[in-house]
Amino acid sequence: MLFNSYIFLFAFLPVTLTGYFLLGSTRRSGLANVWLALASLFFYGWWNIHYLPLLIGSIVCNYILTGLVLRFRGQERRTPQRIAFWLGIALNLALLGYYKYADFLLGAMNDAFGTHLPLLDVILPLGISFFTITQILALIDCHEGVAKEHGFVNYALFVSFFPHLMAGPILYHRPMMQQLANAALRRPQAKNLAMGASLFILGLAKKLLIADSFIAPVAWGFSHAATLDFVQGWQAVLCYMMQLYFDFSGYSDMAVGLARMMNIEIPINFRHPFHATSVANFWQRWHISLTNAITACVYMPIVRSLGKARKISFGHTLFAASVAFFLVGIWHGAGWNFVVFALLQSIGIVVSQSWKHYHLPMTPWLARLLTILLVFISFVSFRSPDLVTMRAMFGAMIGHHAFLLPALVTDELNPYLVTKLAASAGLPGLPLEMLVLALLLVIFSPDANEIVRRIEQHPRVIYAILLAVLFVVSVLHLTQETIFLYFQF
């Protein structure tokens, strides 16, 4: 089920909210969490019911293991706790590795060693990266004594909570379990309903009105990468970045908005990423919850382990950062294109951190420009289905196929130059006005959370009317259901 679907907007969401608040207003308000957990499982099963047992099995297994970790934590003999903890980590990584990376690794082995190992043809279950890493973080929090709350219904809801299940943000055990245990949050609160709905509508508009308008030109551009000229290549990349930006930020806004409608606060996952002045700063703004998780689970343990015997050096932190950012890249998918994407992130973090460490000169605007350039280049590999397409797109971006200028430019040149620099036809189906609007919004507009905060501080009827109109316009553009790009990761 998609947020941008009639069944979700006009059936699932109103029924789920109504049931949650009706049950939450009774003496047995805990039934509201049961209802929401069942609704979340229904939401997941709607997409492909065959993977619902996988999610339920993962929840049950991790619930048992986190319970064992909590049970044995206070005892003198820590061996049982460590066994339960590391068994949980291993099982979660094995599950993720099987479904996400097994076929890629088998194919790589066949290519490298000339073997003929049969591929498993595994279909990636939606949301597996998110509910797996969420439960790994829960195990870590229980192991370190950060999390102590434990109840099956609330744990199942924490993992399967439908706003975050498909594309994040990644949730943390303690803050979610504390909110789910608070009976007062199960009753409707007009302010949270209004602000959550506002955020949801802004996210829906981003997806339907902006991101989806770039689907056709991006698909055409990457499917004809070998024939694109210089201008068309950069148009295709720019359109993809606008599509991905508004698609992912739109989902993130909707997820936070849906949770807030139910009086639940989940992490903000997106904050002006194209304002970043370094690769690290970019990932602190784009998919914030993933960056925080990798930092806690990979970067900090590596730094601590390297610094045990001696003082932590810049080399230690640089090595840990390069490994962490490589994992950030490879987390997004299995394929050589994602390996290239991951390597570019690692190289970017090494260069930017070294530049900063040695106090080399760099103006803020140039740092921002170079960061965005690296991001755009690296996301070409992110979008390309294979290495051939990736190489062809890189070739187009440097004018390898043809260095043609837009007709608007060549019309102003003298006839001699025009014969040397023929006019580019541009990308077919390019929504030029929407591209200009998207760029202006990226550069100048506050993000949706900031807009909602301003509305919250200065409530006006006019805001409600404008949001209602925006919702109607967005729904009128719902001619077909299109999945969110981060669903495939």
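That block above? That's the structure.
Structure report, in brief. Note that this is a predicted model, so its numbers are computed, not measured. (Residues numbered from 1 in each chain as written. Predicted model: local features only at pLDDT ≥ 70, side-chain atom pairs only at ≥ 80, totals over all residues. Heavy atoms only, no water.)

As for the overall build of the chain
Then comes step 1: When helices and strands are tallied, the chain shows 22 helices and two strands.
Then comes step 2: Against the compact-globule benchmark of 23 Å for 489 residues, the chain has a radius of gyration of 24 Å, which places it among compact chains.
Then comes step 3: The burial tally for the chain puts 52% of its 489 residues in the buried class.
Then comes step 4: Here the contacts in the chain between residues at least 6 apart in sequence split such that 76% fall between residues at least 24 apart.
Then comes step 5: As displayed, the chain offers around 22600 Å² of accessible surface, 68% of which is attributable to carbon and sulfur atoms.
Then comes step 6: Placing the 30 positive and 20 negative side-chain charges of the chain at their respective mean positions leaves the two points 15 Å apart. (Helix = DSSP H or I, 4+ residues; strand = E, 2+ residues; numbered from the N terminus. Rg over C-alpha atoms; globule rule 2.2 N^0.38 Å. Buried < 20%, exposed > 50% of the residue type's maximum accessible area, 1.4 Å probe, protein only. Contact = heavy atoms within 4.5 Å. Areas by Shrake-Rupley, 256 points an atom, 1.4 Å probe, with all protein chains shown as cover. Lys, Arg positive; Asp, Glu negative; His and termini not counted. Charge placed at Lys NZ, Arg CZ, Asp CG, Glu CD.)

Comments concerning the layout of surface pockets
A probe matching the size of a water molecule, rolled over the atoms, marks out where space remains unfilled.
Then comes step 1: Of the voids in this model, the largest pocket is the one considered here, and its volume is about 820 Å³.
Then comes step 2: What lines the largest pocket is a set of 33 residues, and nearest its centre among them are Ser278, Val279, Ala280, Ser352 and Gln353.
Then comes step 3: Within the residue set of the lining of the largest pocket, elements represented by two or more residues are helix H12 (279-283), helix H13 (288-306), helix H14 (314-331), helix H15 (336-357) and helix H16 (364-383).
Then comes step 4: Looking at the lining of the largest pocket residue by residue, the class counts come to 21 nonpolar, 11 polar and one charged.
Then comes step 5: Taken as a whole, the second largest pocket spans an internal volume of roughly 660 Å³.
Then comes step 6: Every residue lining the second largest pocket is counted, 24 residues in all, and those nearest its centre are Leu93, Ile136, Ile140, Cys297 and Val298.
Then comes step 7: Among the elements of the structure, helix H4 (79-113), helix H5 (128-143), H13 and H14 are those that each provide at least two residues to the lining of the second largest pocket.
Then comes step 8: For the lining of the second largest pocket, the leading source of residues is H4, giving eight residues.
Then comes step 9: Across the lining of the second largest pocket, the residue classes break down as 17 nonpolar, four polar and three charged. (1 Å grid on protein atoms, 1.4 Å probe; cavity = no way out; pocket = protein on both sides within 12 Å on 5 of 7 lines; lining within 4 Å. Points joined across faces, edges and corners; volume = space filled by probe spheres on them. Nonpolar A, V, L, I, M, F, W, Y, C, P; charged D, E, K, R; others polar.)

Overview of the nonpolar core
The nonpolar side chains of a soluble globular protein tend to be buried with one another.
Then comes step 1: Judged by nonpolar contacts, the single largest core of 136 residues is most densely connected at Phe3, Phe8, Phe161, Phe274, Trp286 and Phe379.
Then comes step 2: Here this core takes 17 residues from helix H11 (residues 230-261), the largest share from any one element.
Then comes step 3: Not counting chain neighbours up to four residues away, the residues in contact with tryptophan 286 comprise Leu244, Tyr245, Phe248, Asn269, Phe270, Pro273, Phe274, Thr291, Phe379 and Tyr486.
Then comes step 4: Listed in part, the 11 residues of the second largest apolar core include Leu65, Leu70, Ile136 and Ala147. (Core = buried A, V, L, I, M, F, W, Y, C linked by side-chain atoms within 4.5 Å.)

Thoughts on the packing of aromatic side chains
Then comes step 1: Considering all chains together, one arrives at 49 aromatic pairs under this definition.
Then comes step 2: An angle of 55° between the planes, with centres 6.1 Å apart, marks the rings of phenylalanine 161 and phenylalanine 162 as tilted. Summarising the burial analysis for this pair, phenylalanine 161 and phenylalanine 162 share the class buried.
Then comes step 3: Its end group placed over the ring of tryptophan 331, lysine 100 keeps NZ or CZ at 4.7 Å from the ring centre.
Then comes step 4: It is lysine 207 that lies over the ring of phenylalanine 484; its NZ or CZ is 4.9 Å from the centre. (Phe/Tyr/Trp six-rings, centres within 6.5 Å; stacked < 30°, edge-to-face > 60°. Lys NZ or Arg CZ within 6 Å of the ring centre and 35° of its normal.)

Some words on the side chain of threonine 371
Then comes step 1: Tracing the sequence through the fold places threonine 371 in helix H16.
Then comes step 2: Non-local contacts of threonine 371, meaning those with residues more than four positions away in its chain, are made with Ala276, Thr277, Ser278, Val279 and Phe282.

Overview of helix H8 (residues 173-180)
Then comes step 1: By the burial criterion, the buried members of H8 are His173, Met176, Met177, Gln179 and Leu180. Each buried residue of H8 lies within a common arc of 160° when the element is viewed along its axis, so the set occupies one face. (Arc of directions from axis to C-beta.)

Let's talk about empty space enclosed by the protein
Then comes step 1: Under the definition given, this model contains one cavity of 30 Å³ or more.
Then comes step 2: Estimates place the volume of the largest cavity at around 30 Å³.
Then comes step 3: The wall of the largest cavity is formed by Val279, Phe282, Trp283, Gln345, Leu374, Val375 and Ser378.
Then comes step 4: Contributions of two or more residues to the lining of the largest cavity are made by H12 and H16.
Then comes step 5: Its residues assigned to classes, the lining of the largest cavity comprises five nonpolar, two polar and no charged.

Quick word on unusual backbone geometry
Then comes step 1: At aspartate 121, a residue that is not glycine, the phi angle is positive and equals roughly 50°.
Then comes step 2: Topologically, aspartate 121 is positioned in the loop between H4 and H5.
Then comes step 3: According to the relative accessible area criterion, aspartate 121 is exposed, its value standing at 61%.
Then comes step 4: Phi at histidine 272 takes a positive value of approximately 45°, unusual for a residue other than glycine.
Then comes step 5: Looking at the secondary structure, you find histidine 272 in the loop between H11 and H12.

Such coordinate-based values are descriptive only and should not be taken to indicate function.
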